[in-house]
Amino acid sequence: MDVESELVRLKSIWNGIYSITCLDGVWSAYYIRTGEELSAPALRGLGTLIRRDYERRIEMRPGAPERMST
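Given the structure is predicted, the values throughout are model-derived calculations rather than measurements.

Re the overall build of the protein
Part 1: Within the protein, the secondary structure is distributed over two helices and three strands.
Part 2: Along the protein, helices and strands appear, N-terminal first, in the series α-β-β-β-α.
Part 3: Residue burial in the protein is summarised as follows: out of 70 residues, 27% are buried.
Part 4: In the protein, of all internal contacts separated by at least 6 residues, the share reaching a separation of at least 24 is 24%.
Part 5: Element-wise, carbon and sulfur atoms account for 54% of the exposed surface of the protein, whose accessible area totals about 5,300 Å².

Below you can see the structure in the form of structure tokens.
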């Protein structure tokens, strides 16, 4: 997948949650509610960071189910 189509895909998935940009070759995503920034040298890496960050936020949300340890 080329960078342009990957960018379109990420923006369509995370629209309204993260603002995704690229400046001087550094890819960044800003969590819209707080302005917290995630950054990576490649778009694919940024996508991974966004997914991890979102999962972490879901787990921290009040009323979120507790995870069972294995």
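Moving on, there is more to tell.
A short note on the pairing of strand β3 (residues 37-40)
Part 1: Here β3 shows a clear split, with Leu38 and Ala40 buried on one side and none of Glu37 and Ser39 buried on the other.
Part 2: Sheet topology places strand β2 (residues 26-31) next to β3; four bridges connect them, and they run antiparallel. For Trp27, the partnering residue across the bridge sits in β3 and is Ala40.
Part 3: Adjacent in sequence and paired antiparallel, β2 and β3 are bridged by five residues, among which Gly35 carries a positive phi angle near 80°.

A word on the layout of surface pockets
Part 1: In this model, the largest pocket occupies a volume close to 150 Å³.
Part 2: As for the largest pocket, its lining consists of Gly16, Ile17, Tyr31, Ile32, Arg33, Tyr54, Arg57, Ile58 and Arg61.
Part 3: Per-element tally for the lining of the largest pocket: the top contributor is helix α2 (residues 43-60), with three residues.
Part 4: When its residues are assigned to classes, the lining of the largest pocket shows five nonpolar, one polar and three charged.

Things to note about the confidence of the model for the protein
Part 1: For the protein, mean pLDDT is 88; residues scoring 70 or higher make up 87% of the total.
Part 2: Per-element confidence in the protein is highest for β3, whose mean pLDDT is 97, and lowest for helix α1 (residues 3-14), whose mean pLDDT is 91.

Cut-off values and rules
Within each chain, residue numbers correspond to sequence positions counted from 1 in written order. Only residues with pLDDT of 70 or above have their local features reported here, since the model is predicted, and side-chain atom pairs are shown and tallied only from 80 upward, although totals for entire chains, interfaces and linings are computed over all residues. Only hydrogens and water are removed before side-chain values are computed, so all heavy atoms of the structure are retained for them. Elements are defined by DSSP. Helices are runs of H or I of four residues or more, strands are runs of E of two residues or more, and each kind is numbered from the N terminus. For every residue, the accessible area obtained with a 1.4 Å probe (protein chains only) is divided by the maximum for its type, and the residue is called buried under 20%, exposed over 50%, and partly exposed between those limits. Note on contacts: a residue pair qualifies if any of its non-hydrogen atoms lie within 4.5 Å across the two residues. All accessible areas in this document rest on Shrake-Rupley with a 1.4 Å probe, and a residue is counted as covered only by the protein chains that are shown. By the convention used here, strands pair only if DSSP detects at least 2 bridges between them. Cavities and pockets were defined on a 1 Å grid built over protein atoms only: a cavity is a set of grid points that admits a 1.4 Å probe from which the probe cannot escape, a pocket is an open set flanked by protein on both sides within 12 Å along at least five of seven lines, and lining residues are those with an atom within 4 Å of any such point. Grid points are joined across faces, edges and corners, and a volume is the space filled by probe spheres set on the points. Gly counts as polar in this scheme, as do all residues outside two lists: the nonpolar Ala, Val, Leu, Ile, Met, Phe, Trp, Tyr, Cys and Pro, and the charged Asp, Glu, Lys and Arg. For every residue, the predictor reports its confidence as pLDDT, a number between 0 and 100.

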